[in-house]
Every structure is written in C-alpha cells, then in structure tokens.
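Structural overview
Each chain, letter by letter, is given below.
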Amino acid sequence: MFQLVLLSHQQHINVGNLSLNAELMGLPKDVPIHVQQTCLMGGKQTGSRLITLTVGGSVVRVVPTRGMAVLDVVRNGVRFGWDSPVKEVVHPSFVNQEASGGLGWLDGFNEMIVRCGYQWAGHPGQDGDEFLTLHGRIQNTPADEVILEVEQVPPYRVTLRGRVDEKRFKFTNFELQTALSLTPDAPYLLVEDTLTNKGSYPREYQAIYHNNFAQPILEKGAQLHVPMAELSPFNDYAAGGLNDWNQMPAPTKDFDEMVFNIRPLSDENGFSHALLHNANGSCGIEVSYQTDTLPVLTIWKNTDTLEQGYVVGIEPGTSFAYNRAYQRDLGLVPTIGAGESKHFVVRFGLLTDGDQVQASVANIDQLQGTQTPQILSTPLVRLA
Amino acid sequence: MFQLVLLSHQQHINVGNLSLNAELMGLPKDVPIHVQQTCLMGGKQTGSRLITLTVGGSVVRVVPTRGMAVLDVVRNGVRFGWDSPVKEVVHPSFVNQEASGGLGWLDGFNEMIVRCGYQWAGHPGQDGDEFLTLHGRIQNTPADEVILEVEQVPPYRVTLRGRVDEKRFKFTNFELQTALSLTPDAPYLLVEDTLTNKGSYPREYQAIYHNNFAQPILEKGAQLHVPMAELSPFNDYAAGGLNDWNQMPAPTKDFDEMVFNIRPLSDENGFSHALLHNANGSCGIEVSYQTDTLPVLTIWKNTDTLEQGYVVGIEPGTSFAYNRAYQRDLGLVPTIGAGESKHFVVRFGLLTDGDQVQASVANIDQLQGTQTPQILSTPLVRLA
Amino acid sequence: MFQLVLLSHQQHINVGNLSLNAELMGLPKDVPIHVQQTCLMGGKQTGSRLITLTVGGSVVRVVPTRGMAVLDVVRNGVRFGWDSPVKEVVHPSFVNQEASGGLGWLDGFNEMIVRCGYQWAGHPGQDGDEFLTLHGRIQNTPADEVILEVEQVPPYRVTLRGRVDEKRFKFTNFELQTALSLTPDAPYLLVEDTLTNKGSYPREYQAIYHNNFAQPILEKGAQLHVPMAELSPFNDYAAGGLNDWNQMPAPTKDFDEMVFNIRPLSDENGFSHALLHNANGSCGIEVSYQTDTLPVLTIWKNTDTLEQGYVVGIEPGTSFAYNRAYQRDLGLVPTIGAGESKHFVVRFGLLTDGDQVQASVANIDQLQGTQTPQILSTPLVRLA
C-alpha cells in the first residue's frame, strides 16, 4: 500500500503544496487517481489547506484544517455540495464561536460534509450551567496525523485519514479518528469515524453529520425519499410544511428553513438510506448510515434564495438539532464510557444516472414496505 | 498601467516581502514612488503584513491583514496618526472581540484610519436579541485580492485595492471593495470604499471611519474647524466640555474622552470638511467626506496622557458612536438593499504648510457662512 | 557573552528551526550545552514553537508562543511537569478564553510553569462590571524579543529572555520581561520576571505562578513540606481534606481537586520554599519564591486519575485562586503604579537525589522552627 503522511506532529511532517499522479503513488499509469494538496491564501483562508482527491469520476475536496470536512464532490459533472454566502474556506483561527450569542460557527459554514459535535451539537443556548454554541467545536478544529493511503491492487481504494482532538482539561478528552475512502469504479464516498473517550469518566456526547446539497440535485420538483417510523416538525413553522415536506420548491424568497425530525427505518445490516434526487430523477444523493450510533435523521429544508443559501441538509445524528437541554428527555443525549469508542459510518451514494436513482428509490420503498410512518403534527419539543 | 497582485485567492498569488522602485514599476527613474511589503513577526504581530507606499512626500503604511487599515502617514516630516499603548500591528487571530463585555476590539486599536462596521458600529451592548461588540467586525478581518496599481503617466496615481468580506450564513453577505490612492504631487490620500449587499434581503448597516490624529498636529492650542448645522454632547461628561469643544488641551491626566456629535454642512459637491490644525497653524489634517452616505460626524476628544493615548478622532459615519439600539430613533441606522452598493468617499488632506491650513480654514468658514449652528446642551440620547 | 536573537520585531529577526551545539555558541566543546528551536505542526499546534535548552543534566522545554511557558524539564531522568489530557502545545489563536463561561483557557493548559495574570488571575466570574475569564490572558499571548544568552565563562549560565505584552487601549499597558536561566552544574531553574505598567495610571494586577508536577515525584506517599503561618481550605470540599492536605494519594477516581491557601513563612532573604518529594524521598521539586511580591501560596491537589490529570500545583502568587472579586477584602489585589515595575522571582530546585531532598526538608523545618501554623477549618472566602 502506498502511504503518505501529509501532516504529523509525531513524525514532524508537514507537506505543503503537493501534486501526485498515479505513477508517483506506485500505481499503473492508467489508474485514474490523482491527489493534490493546496495551501490556501487570502482573507480568512490564510492557513487553510485543501486536499483534492481525484478518484475515477469523482473529485473530492477535503479540508484538513476544518476537522477533515468535505467541501464538495464533483462526479461525472454533477456537483454535490452547495453555495453558501460564505465563499472562503475559513481557517478556525478566524472563528469565534461565542460571537453573537453562539452563532459564530456560521461564519465558516459552507461544506458538503460538516461534522457537528462531539461534546454537544445542535442549537446554541443554555444547558444548565453551560452555554453551548451552535453545533459544537469539532468543525473548527484543525486535524493532525493526516495520512493518505492508496491500495496498490484493484479496486485501488484511496483513503484519507485525519485525527481531530476535542480536549479541555477536566472536561473533555475526546479523540476522533476520521477516515474517508472511495474507489475509482464505484459511486460511493465512505466516511468512517471513531470517537474515543480517552478520559476515565463517562461523558455525554452528540454527533450530527450535517450533510448539505443543492443544485443540480436540488431544484423545483426534487424529491426526498426516507424510510421512516416517525416524522415530526422541528417547530411550529415546519408544522405548516408537513404536507409536502419531501417536495422541493424552487429557490423561494422568505422560505427560510423548515426542519423535520425523522426516526428512520433501517435494513438488516443496520443501515438506513435517505435519497434526494432531482426533478427528473437523473441524479441524486443517497445518504446511508448506521443507525446504531446515528439513530435519528434531521431534514433541513432551507430552500430560500440562491444568494441566501438554497440547500437541503440530510443529517443523520445521535440527536436532532435542538439544544442539548431539550434532548435528554427524548433519549438523544448518549453517553460514551471511559475508554470507549463509538463508530459512525456514513456512506454517500453519488448518483449520476437514472438507473442508480431508480434503484435507490426501490430500495427505500422496500425498506418502508407496508409500515406506515407515524406523522406527528406537533413538534416533539415545546421550545421556550 | 502597472498592476501587481499582492494577494489573491482567485489567482493563487501570495507575495511576501517585496520592495519595488519606480523602474521596476515601469516608471521613469525619477518618479518618486516606492512600494514595500513586509511580513511582520513577533508577539501578536505574527501573520500581519504591512504595505508601505512612498508617493512623493507621503509615506503611507497600510495593513491588509486588518481590513486595509492605514496605520499612519508621514508627509514632509509631519506624522498623521497617533500613539496607542497598543504598539503591535495585531493580527485578527489574536483578537477575541467578545472579550470583556465586547471590548476585545481595543486590543488591536492603533491606526490612523480604522473602519467600523458594517453590520454594526458603535458601542458594545445589547440590541434586541443581539449582543453587539465594539465597532463591528471589519477591522479584524484580513483582506483578499490586494492589488497595487500605478498609472504610467502623470500624475502617476498609485492605488491600492483590497476586498474585505463580512459574511455569516443566514445573516450577512457583505463585500467591501476598498481603494486607497494618492499622487506624488498632491497632499491628498483618497479612500473610496464600496459596500455591496450580495444577499437577497435588505439589511441594516452602519459605517464609521474612525480617523485618529495626534502630535504634532494635536497639541495645546490645536483647533478643530467643522462646518455644522448641529452640535451636541455625546453624554453628560461631554456636555461639560461644550464651551471649548474645538480647542485642544495639552495631554491632560484624567481627561479621558469627550465625544461630540455633529450634523455637518456640506458643499455643492456633497462634501463636508473637518480640519484639525496645530497651535500655530503650520500643519493640519483635513478630513473631507461625502455626506450622502456619511451624514454625521463624531469628534472624539481623547486628550488624556501620552501613555494613555493622546488623540483626537474625526469620524464621519452613517451613525454616531452610540450602540445601534439607540440610533434607529435618530434615523441613523440605514438599510442596504439586496444587491445594492453604497459608496463611501473620505479624502485626507495632509496639510504641512500654513497656506494649506489657511485655505482649508477659509473654505470651512465659507461653508458655515452665516448659518448659526444649533448647539444642544444635552445629549441626543439618554443612555441607560 | 554569546547572544542570539530568535525572534524580534525590532530587529526583524524570526529564526525557525535551529540546533546549536557548544562550539556554535563559542563554548569549549565539552561544555554540555545545546539549544534547539522547533516549529511545531499539526492540529492546534500550528504556529507553536518550542525551544529546548539542554544544560548539563537538565533539558528544559520552553514555549515562546505561550508567554514563555515552561512545558517541562527532565533532569537526570526525572521529569518535572505533568500529563494533561491536552497533549498539544496549543497556539493562542485556537484559544477562545471566553468559551464556556470563561473556561477556554483550559483548552491549552498542560505546562509545568504557567503564568496567570496580569490584569487578573483566578477563577472566572463577574467582578463588578467586568467578566473575568479563568487565570487572565498572559499565557495565551505570544512573546516577542526572544533572546538567548550564553555566558562564555564558567558557570556558563544560559538565559532565555522574552517579552510579553498585555495591552488594551484605555485599560491596560503592561509589559512583562521574562528571564529563565540555569547553569550546567546546578539543579536550579531560575525565573525572574519584571512586570511594568507603562501607562500613566495605577492599575490593579494579580500574578499566580501555576507550577504543576506529577510522576515520578507525585505518587502515593509523596509529601509536601511548606513553612507556613496560616493554612486554610479553599472551599468546603477542601475543608474535608485538611487532615492530610500534604500527603499525596495514588491517582484517585472522583478525587477532583482540593485547594489549600497558605500564608507562608520566609527566610532572612525574603524567600519561602515549598517542597514536594516522592514517597521514598529520592527526588523532589523545591519551589522557592520571593514573598515580597508573591506573598501567598496555593496548593492545588488534583490527585484524580492519570487520564483526568494527576497533578499537584505549587503556586506562589499575589493572590489565591478565587475570583478577583473576593480578594480585595483579603488584601490580595495589589496595585502597580504608573511607570512602576514589579519583580517576581521563582526558583525551581530540580532535586534528583535523596541528599538534596533531605537538605530541602531540613531547611524548611528550620524555617518553620517553633512557630505553630494557624490552621483554619473554614475557608477565608464564603463562595456565592
């Protein structure tokens, strides 16, 4: 296996700009794999890095300086990701998460895969003695031990690893090992994360994979397919949109966001799948996830104007997007024991033809089967 | 035109230390123009950059990493700027604006031209649901697209441009294009800024050009000349100083600051002018500004000790220095429409001889003409 | 004297990685002195620097980017320092001290010598109009003017200097000159700091030298020896541990921390000494300090689990660890006049054999002499 350490405190390695073709990675010349790292510059990008993995038809852009986030993917000309008003790959040193009542996180929010967690996730606000900022700290934490691995035999799996620490003396001793992998022949991007509590006390934790998608998949007539046991509106505003919660409008002024809470159904392997496809079903994004550690799903329908951010989030999590204070009663604030590890697996199906979309719809239909989802007309949580 | 991109994410350009003489910029050898960029180091300067433009008799130091601030100007041996206790050119990554009740901005405050804005400016405090930190965020935002332009024909105008973004998903989508220019033959530094709301919703905004001056212009006997329709004290303390509001004392222990609010008069071109000159009128700073977008003027008389900061601010703005919460009733919280741009023009007259000062006084006298300013003895705002 | 400027804004010097042997410093080849500087990388270490001074049997690691902190010392195989869950040498740009109710400081806390101060030290909380974050700002401030000095004649004293500023317009104008020195032949590390108020007004200040030690010195049976006039528990929890306050347990689950406040006795030179030695007295750390400026001592008995942080703090200070609001009544919030300097001297005895430990015990016993310490059973401060 070809292995290249891009960043490591342990090994005192710090690779800057880099461009590797197949041969340089010991692969046959015609294996369609290319790896690039770029040091970004200008404005609040200063210090940011971008790793671009070209693997078969997929081009994946990873941000090691923002907790191994995935900025976006382009596969066969279809872009997976979205257009935030925030255009820069903002370096964490420019983010004050405490700003504006805990909303500073929004100053850097523009990626396709955004991890929220792990001490807490969800909306800002007071939880007992603690004030929690929006969506936790992990996304504004630069990774260490960033390592590229490329298998030398078919299917030539490319894996990018990075470790992200979330530590505070007396409070938190979390280490997150992230791994992102894909192969040239398959339309999948696999995220496998392991959260370990290195401390000697059990701790509450939360995780939300805030995965965000827009055009060309999101458009008027785009549809969501989710196998589910229960659907409920996040708040009163979303209650008004329950009827067509899974039907996407064109960019709509003053739509703002409707959020829907789902308790999903999973298959015999413990996976659930959520699909968003475009109007004519020619492309789509399928988000598959293991429901043992990610038991609930948030749908974030933010179909406002293009300039404001026209985007839908498909977000498996330990928890919904409420402040942690509200979620203990829902049983959605799990605990990680001393020395314990939790595994999170999320697979992204980057569907760029109608057959793939069709197959995913069929699979989800089968999962739903004859089970009628319970539709709650009022939110699970009465917000103060 | 000679053009050099010093910093650009778009073009992937990041020039470090640099020194250019006239010939290197394609100019005749004897054109007195020199450009230098220095990467600063040490303490909280780490990451800061300084661009020094020597143009004729003027040496202008610009800080691209602090929103294109102007640190100071020296012209013909006269320094325009001040001596803050903060000596470092502080990099924004070391500033937590939320610190100490929203006063963290003061940790880096030491420039001659300091932009305050643009979501808000003014004193920290609660405005409805929002806590606003002192003077907004723009000054602690590094610029991108920093571009030097030098015209190849007389008067050989030198222009330095930079773009500064103020963006937060769902809240703000502002872009500021700054341009600063001067010519070898004229005692003027021109700032032309354009604020654009790239979002699809109208937003409130505020701008204050917090321009600060000290010795040798500021001294015992230095005087301010401002053509005005109305003058009022910022607070009760300033009310006690209305009598000699425009007469400057020597550095004075326990003076702290008196702030005066002015509704200025403008000329037929829409410009107003404020002048501070030294005791014998041999040098001065004339701040001229377009009153359509900068309708009010704040005079910040901070004539405390040298060590504490002996300085006078001449600050045209959309608003006074009160917290935004107080200024809606004064009509001083304007709105910028979706896609709209606002232009701010401030010209600095760097006056280094008595004739220039004389001419400026005469011009201001003429502007005032026979109109008697209204002097309010109590503040416009009753502070809580 | 050999002098090397490692970092200086004044001189525009910024040395990166560096390795110097005795000859390169103009010393005879066999003088056991070596100096290294390393630029750290990865995660929140990005931008951090580490200076390693090898002087005789002592290896001292200094962090100029965190206010000249000492990460740890190893002497004759004995490590002086501790193992925080925070493993990285965190760069200040990643620390938001305002986070989580003022506890953000804990995100980088892992050194042997940690300065707390100088506007304030102690626990976070409201003091009048001001919200104070944990232990002040100095530790998260990078140094400037970092200078190495090596004397060319025996005893070949090695001194490392650095200046750290704590400045905020209108509020603070402090400069700290730090000096750390040692010689090859002696088991001492000497810290001599000078705090100067460059402003024209007197200011309150506080300083705590938060010195932290763990294995092999700290273990079950390790003992503290402190000559004292008065001992009191920090709070009710510590009151329950007064009996064996100076006897150290093995790492103990749920121990958390007990804090003891001491008014120490000092010798005829104005020094007091506190010793922590291991169970069999074969090694120990002796903290000596001038009590004119550091009149009180805090013992921080944090003998929790290894993973949580098994550590004892021996902390001379102007003040105890209470929030500043509580300490004015105790007479422990001193004032530094305009232009005045305060000198803090702390000497670390790095004792690695039984005789040294024995001598230190004897010295402390003699200091205590026949004076019986007053043991208060209740805290000096009634915490709200």
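Reading guide: rules and limits
- Residues numbered from 1 in each chain as written.
- Chains lettered and ligands numbered in written order.
- Predicted model: local features only at pLDDT ≥ 70, side-chain atom pairs only at ≥ 80, totals over all residues.
- Heavy atoms only, no water.
- Helix = DSSP H or I, 4+ residues; strand = E, 2+ residues; numbered from the N terminus.
- Rg over C-alpha atoms; globule rule 2.2 N^0.38 Å.
- Buried < 20%, exposed > 50% of the residue type's maximum accessible area, 1.4 Å probe, protein only.
- Contact = heavy atoms within 4.5 Å.
- Salt bridge = Lys/Arg side-chain N within 4 Å of Asp/Glu carboxyl O.
- Polar contact = N/O pair within 3.5 Å; in protein donor to acceptor, adjacent residues only side chain to side chain.
- Least-squares fit on C-alpha atoms with pLDDT ≥ 70 in both.
- Pairing = 2+ DSSP bridges.
- Buried area = accessible area lost by both parts, 1.4 Å probe.
- Nonpolar A, V, L, I, M, F, W, Y, C, P; charged D, E, K, R; others polar.
- Axes fitted to C-alpha atoms, helices over the stretch in contact; angles between N-to-C directions.
- Phe/Tyr/Trp six-rings, centres within 6.5 Å; stacked < 30°, edge-to-face > 60°.

Per an unreviewed UniProt entry, chain A is named Aldose 1-epimerase family protein, and its organism is Marinomonas arctica.

Section: the overall build of chain A
Along chain A, the regular secondary structure elements total four helices and 27 strands. By the compact-globule yardstick of 21 Å for 384 residues, chain A fits well, its C-alpha radius of gyration being 20 Å. Dimensions of chain A, computed from C-alpha atoms along their principal axes, come out at roughly 55 × 55 × 40 Å. Expressed as a percentage of the 384 residues in chain A, the buried residues total 65%. Contacts in chain A between residues far apart in sequence, at least 24 positions, make up 66% of those at least 6 positions apart.

So, the pattern of salt bridges
If you walk through the whole model with that rule in mind, you get 63 salt bridges over all chains. In this structure, the salt-bridge partner of Glu175 of chain A is Lys167 of chain A, at a minimum N-O distance of 2.9 Å. The pair Glu175 of chain A / Lys167 of chain A is uniform in exposure class, with both members buried. Two residues, Glu257 of chain A and Lys170 of chain B, come together in a salt bridge whose shortest N-O distance is 3.2 Å. Of this pair, Glu257 of chain A sits in the loop between α2 (236-239) and β20 (258-264) while Lys170 of chain B sits in the loop between β13 (158-168) and β14 (172-182), which puts the two residues in different chains.

Brief notes about the interface of chain C and chain B
The interface is formed by 30 residues belonging to chain C together with 38 residues belonging to chain B. Applying the counting rule to chain C against chain B returns four salt bridges. Residues Asp256 of chain B and Lys170 of chain C are paired through a salt bridge, measuring 2.8 Å at the closest nitrogen-oxygen approach. Scanning the region where chain C abuts chain B turns up 17 residue pairs in polar contact (both at pLDDT 80 or more).

Quick notes on unusual backbone geometry
Among all residues except glycine, the phi angle is most often negative; among peptide bonds, the trans geometry is most common. Residues Gly117 of chain A and Tyr118 of chain A are joined by a peptide bond in cis, for which omega reads -10°. At the junction of Pro154 of chain B and Pro155 of chain B, the peptide bond is cis and its omega measures out at 5° in the coordinates. Mapped onto the elements, Pro155 of chain B comes out in the loop between β12 (144-150) and β13. Positive phi, close to 65°, is recorded for Met68 of chain C, a residue that is not glycine. Among the structural elements, Met68 of chain C can be located in the loop between β6 (58-63) and β7 (69-75). Owing to a relative accessible area of 3%, Met68 of chain C belongs among the buried residues under this scheme. Although it is not a glycine, Lys170 of chain C sits at a positive phi angle of roughly 75°.

Points about the relation of the copies chain C and chain B
Superposing chain C onto chain B takes a rotation of 120° plus a shift of 0.0 Å along the axis, which leaves an RMSD of 0.0 Å. What we have between these two chains is a three-fold relation. Identified as the residue of chain C closest to the rotation axis by C-alpha distance is Ser93 of chain C, at 3.0 Å. Taken as a fraction of all interface residues of chain C, those also at the interface in chain B reach only 10%, which identifies the copy contact as different-surface.

Some details on the sheet that holds β12 of chain B
All names here are of chain B. Spatial strand order, β2-β1-β12-β13-β14-β15-β26-β22-β21-β18: 10 strands in an open sheet with antiparallel pairing. Each edge of the sheet is formed by a strand with only one pairing partner; in this case those strands are β2 (13-14) and β18 (223-225). Judged from the two bridges that link them, strand β1 (residues 2-8) and β2 form a sheet pairing that is antiparallel. Pairing of Ser8 across the sheet is with Ile13, part of β2.

Digging into the interface of chain B and chain A
Accessible area lost upon the coming together of the parts serves often as the stated size of an interface. Counting residues at the interface gives 30 residues for chain B and 38 residues for chain A. Carbon and sulfur atoms make up 55% of the surface buried where chain B meets chain A, a total of about 2,700 Å² over both sides. Between chain B and chain A we count four salt bridges in total. At the junction of chain B and chain A, the tally comes to 17 residue pairs in polar contact (both at pLDDT 80 or more). Elements that contribute at least two residues to the side of chain B that touches chain A include exactly β1, β2 and β13 of chain B. Take the side of chain B that touches chain A: its biggest share by element is three residues, from β13 of chain B. Split into classes, the residues belonging to the side of chain B that touches chain A amount to nine nonpolar, 12 polar and nine charged.

Notes on the pairing of strand β15 (residues 188-197) of chain B
One face of the sheet, then the other: side chains in a regular strand alternate in exactly this way. Residue and element names in this part refer to chain B. Among the 10 residues that make up β15, seven are buried, leaving the element largely enclosed by the rest of the structure. The pairing of β14 with β15 spans eight bridges and is classified as antiparallel. Paired with Phe174 across the two strands is Asn197, which belongs to β15. In textbook terms, the turn of a hairpin is the stretch between consecutive antiparallel strands, and for β14 and β15 this stretch comprises five residues. For β15 and strand β26 (residues 341-351), the ladder comprises nine bridges, and the chain directions are antiparallel. Among the inter-strand pairings, Thr194 is bridged to a residue of β26, identified as His343.

Quick notes on the sheet that holds strand β2 (residues 13-14) of chain C
Backbone hydrogen bonds are what pair the strands of a sheet, in a parallel or an antiparallel way. Residue and element names in this part refer to chain C. In spatial order, the strands read β2-β1-β12-β13-β14-β15-β26-β22-β21-β18; together these 10 strands make up an open sheet with antiparallel pairing. With partners counted over all chains shown, the strands left at the sheet margins are β2 and β18 (223-225), one partner each. Direction of pairing for strand β22 (residues 284-290) relative to strand β26 (residues 341-351): antiparallel, over a ladder of six bridges. Note on β26: the bridge partner recorded for Val287 is Phe348. Against the sheet, helix α4 (residues 354-368) makes contact with β18, β21 (271-277), β22 and β26, and its axis sits at roughly 135° relative to β21, the strand it touches most.

Here we look at the side chain of Gln45 of chain B
With respect to the helices, strands and loops of the structure, Gln45 of chain B is situated in the loop between β4 (33-39) and β5 (49-55). In this structure, Gln45 of chain B is in contact with Leu40, Lys87, Glu88 and Val89 of chain B together with His9 of chain C, ignoring residues within four places of it in sequence.

Regarding the packing of aromatic side chains
Counted under the stated rule, the structure contains 42 aromatic pairs over all chains. Judged by centre distance (4.1 Å) and plane angle (10°), the rings of Phe234 of chain B and Tyr322 of chain B are stacked. One end of the pair, Phe234 of chain B, is in the loop between β19 (228-233) and α2 (236-239); the other, Tyr322 of chain B, is in the loop between β24 (310-317) and α3 (324-327), and 88 residues separate them in sequence. Accessibility classification places Phe234 of chain B together with Tyr322 of chain B in one group, the buried group. Taking the centre distance of 6.3 Å and the plane angle of 90° together, the rings of Trp82 of chain C and Trp300 of chain C count as edge-to-face. Residue Trp82 of chain C is located in the loop between β8 (78-80) and α1 (99-102), and its partner Trp300 of chain C is located in strand β23 (residues 296-303); the two are separated by 218 residues in the primary sequence. We note that Trp82 of chain C, like Trp300 of chain C, is buried.

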